[in-house]
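A look at the structure
Chain by chain, the residues:
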Amino acid sequence: MKKSLTRILSIFILLSSAVGVRSQTPEVPKGVPPAALPKAPVAAPMEITVAGMATAAPEFRGAWIATVTNIDWPDAGSYHPDDQKLEYIRLLNMHERNGMNAVIVQVRPAADAFYPSPYEPWSEWLTGKQGKPPVPFYDPLQFMISEAHKRGMEFHAWLNPYRAVFNIKKSVPAPDHVSRQHPDWFLNYGDKTYFDPGNKEAQAFVVKVVRDLVKRYTIDAVHFDDYFYPYRLAGKEFPDTKTFREYGNGMTRDDWRRSNVDSIIVGLSRAIKEEKPWVKFGISPFGVWRNADKDPMGSATTAGVTNYDDLYADILLWLREGWIDYVAPQIYWEFGHKAAAFEVLLDWWSRNSYGKHCYIGLGIYKAGTSAPWRDKTQLPRMIEAVRKTPNVHGAVYFSSKSFVKNPNGWSDSLRLNYYRQRATIPVMEWIPEKEPALGE
């Protein structure tokens, strides 16, 4: 009976969404007096459009929607398409109320797919079993893109480049999973299986997957996060000695690893732009490129992990060469953090974005986890700092479900103050205008 009522409700909401019946008026939570809401000055200069409606200055306001292990969507154990659609619409409506203008949705968490792919099986986090299609059938990606675009939001398709099996002990790859078809392309490290970044055939396969995605779907961007070479495990070296001996060509292993990541970024950039020049390519790296004690160009930080030295991702090279269109560094530390202070890294990235767009990744998920993150002013101060910093074009929040319980009143802060006025996405002058789809 409960499932039947849920289905009826989902159909009603889907129909309401289709005809645009959505509340545009933010509501103050019951029982919460306005004086109790987090205080912050009204931010972002206002502009007046030709229609006379007040809007905010262009600003990227994005939210990540993680699907791996059902972090944000769909709910764990929720396998019926009607339920999944309802859950996604709830997330989008929440983000719309909060003033977001983009969602970054994980559509390939582990060499699997949240869409019908000719190369990779359906994701276990969509249907409960890798390789099993939705029943009744639907295309989740097409649905998610359509719902985002209805709300004027950009849709950035988020893919993990190298993770192939999330947990060797628990995950059961489908018979047609690429790790079963080409086991020589893969390496086990810890409890996971990864594509070998030094294997050229593996690189070509990943590029082929991305090219197909860009060709068939009306996405606005391709987005990769911070997982290139895996984060180091104590006392364990990533087992790529055989590949290094075969392809190292006299380089040090560190330089060779970085060259492997560089080459796939170049290949991906080329494939995306060949298919649709207007589709953006963005990377969301770990927040520290390199510490200053290792490189004078590095930041005044003492981070135990860096992109360059540990993940073998030379983000600055990709920005400088124009291989990517935006960078969204994950600066998940508070103001004054001893090893990696927010204000230090915000300034560093603003000075090292090489003319590309920079969106700051903010860790709203950390609300309440420590004294600094119980401070209700922490996030408002970050938003204000982002807006005052040159060469920074907005922010992205991890993760979506963190907003649901209105931690520290921060959803209210966005809806009633910082993002009260709608904003357009900042224009990338080097990106050509999108060609209209058939029928538009």
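Residues numbered from 1 in each chain as written. Predicted model: local features only at pLDDT ≥ 70, side-chain atom pairs only at ≥ 80, totals over all residues. Heavy atoms only, no water.

Within the protein, the secondary structure is distributed over 14 helices and 13 strands. In the protein, which comprises 440 residues, the share counted as buried stands at 57%. Within the structure as shown, the protein displays about 19100 Å² of accessible surface, and the carbon and sulfur contribution to it stands at 56%. (Helix = DSSP H or I, 4+ residues; strand = E, 2+ residues; numbered from the N terminus. Buried < 20%, exposed > 50% of the residue type's maximum accessible area, 1.4 Å probe, protein only. Areas by Shrake-Rupley, 256 points an atom, 1.4 Å probe, with all protein chains shown as cover.)

Attention now goes to the sheet that holds strand β4 (residues 102-108). Read around the barrel, 8 strands follow the order β3-β4-β5-β9-β10-β11-β12-β13 and close on themselves; strand pairing throughout is parallel. Strand direction decides the pairing type here: strand β5 (residues 154-159) and strand β9 (residues 221-224), joined by 4 bridges, are parallel. Paired with His156 across the two strands is Ala221, which belongs to β9. Contacts from helix α4 (residues 140-150) reach β4 and β5 within the one sheet, and its direction differs from that of β5 by about 145 degrees. (Pairing = 2+ DSSP bridges. Contact = heavy atoms within 4.5 Å. Axes fitted to C-alpha atoms, helices over the stretch in contact; angles between N-to-C directions.)

Let's shift gears to unusual backbone geometry. Leaving glycine aside, a negative phi is the common case for residues, and trans is the common case for peptide bonds. Residue Pro136 is reached from Val135 by a cis peptide bond, and omega for that bond is -5 degrees. Looking at the element boundaries, Pro136 is found in the loop between α3 (124-127) and α4. Here the bond from Phe398 into Ser399 is cis, since omega is -5 degrees, no more than 30 degrees from zero. Here Ser399 lies in the loop between β13 (394-397) and α14 (410-418). You will see that Asn70, though not glycine, has its phi angle at about 60 degrees, which is positive.

Once that is clear, we can look at the sheet that holds strand β6 (residues 163-165). One open sheet holds the 3 strands; their spatial order is β6-β8-β7, and the pairing between them is antiparallel. Only two strands of the sheet have a single neighbouring strand rather than two, namely β6 and β7 (186-189). Strand-to-strand twist of the sheet, defined as the mean angle between neighbouring strand axes without regard to direction, takes the value 40 degrees. Two strands pair when backbone bridges link them, and β6 and strand β8 (residues 192-195) are joined in this way by 2 bridges, in the antiparallel orientation. Paired with Val165 across the bridge in β8 is Thr193.

Every α-helix winds through 3.6 residues per turn, so residues three or four apart in the chain are directed the same way. The end-to-end C-alpha distance of helix α6 (residues 200-216), which contains 17 residues, comes to 25 Å, matching closely the 24 Å that a straight helix rising 1.5 Å per residue would cover. For α6, the full list of buried residues reads Ala202, Gln203, Phe205, Val206, Val207, Val209, Val210, Asp212, Leu213 and Val214. Its side-chain oxygen 2.9 Å from the backbone nitrogen of Glu201, Asn199 forms the N-cap of α6. (Expected span 1.5 Å × (residues − 1). Polar contact = N/O pair within 3.5 Å; in protein donor to acceptor, adjacent residues only side chain to side chain.)

Bringing the pattern of salt bridges into the picture now. Tallied over the full model, the rule gives 24 salt bridges. Close ionic contact of Arg151 with Glu147 constitutes a salt bridge, the shortest N to O distance being 2.8 Å. Its salt-bridge partner being Asp412, residue Arg415 comes within 2.7 Å of it at the nearest N-O pair. Of this pair, Arg415 and Asp412 both sit in helix α14, 3 residues apart, which is roughly one turn of that helix. With respect to class, Arg415 is no different from Asp412; both count as buried. Each of the salt bridges in this network shares a partner with another, and the network as a whole consists of Glu96, Glu147, Lys150, Arg151 and Arg422. (Salt bridge = Lys/Arg side-chain N within 4 Å of Asp/Glu carboxyl O.)

A separate point is the nonpolar core. Counting residues in hydrophobic clusters, the biggest one holds 123 residues, and the most contacted among them are Tyr88, Val107, Phe155 and Tyr397. Sort the elements by how many residues they give to this core and α6 lands first, with 8 residues. Among residues more than four places away in sequence, those in contact with Tyr397 are Gly62, Ala63, Trp64, Met100, Leu362, Ile364, Leu379, Ile383, Phe403, Leu414 and Tyr419. (Core = buried A, V, L, I, M, F, W, Y, C linked by side-chain atoms within 4.5 Å.)

Once that is clear, we can look at α14. Counting buried residues in α14 gives 8 out of 9 residues, a clear majority hidden from the surface. When we look at burial in α14, the residues that qualify are Trp410, Ser411, Asp412, Ser413, Leu414, Arg415, Asn417 and Tyr418. Its buried side turned inward, α14 meets β3 (60-65), α2 (81-97), α12 (371-374), α13 (378-388) and β13.

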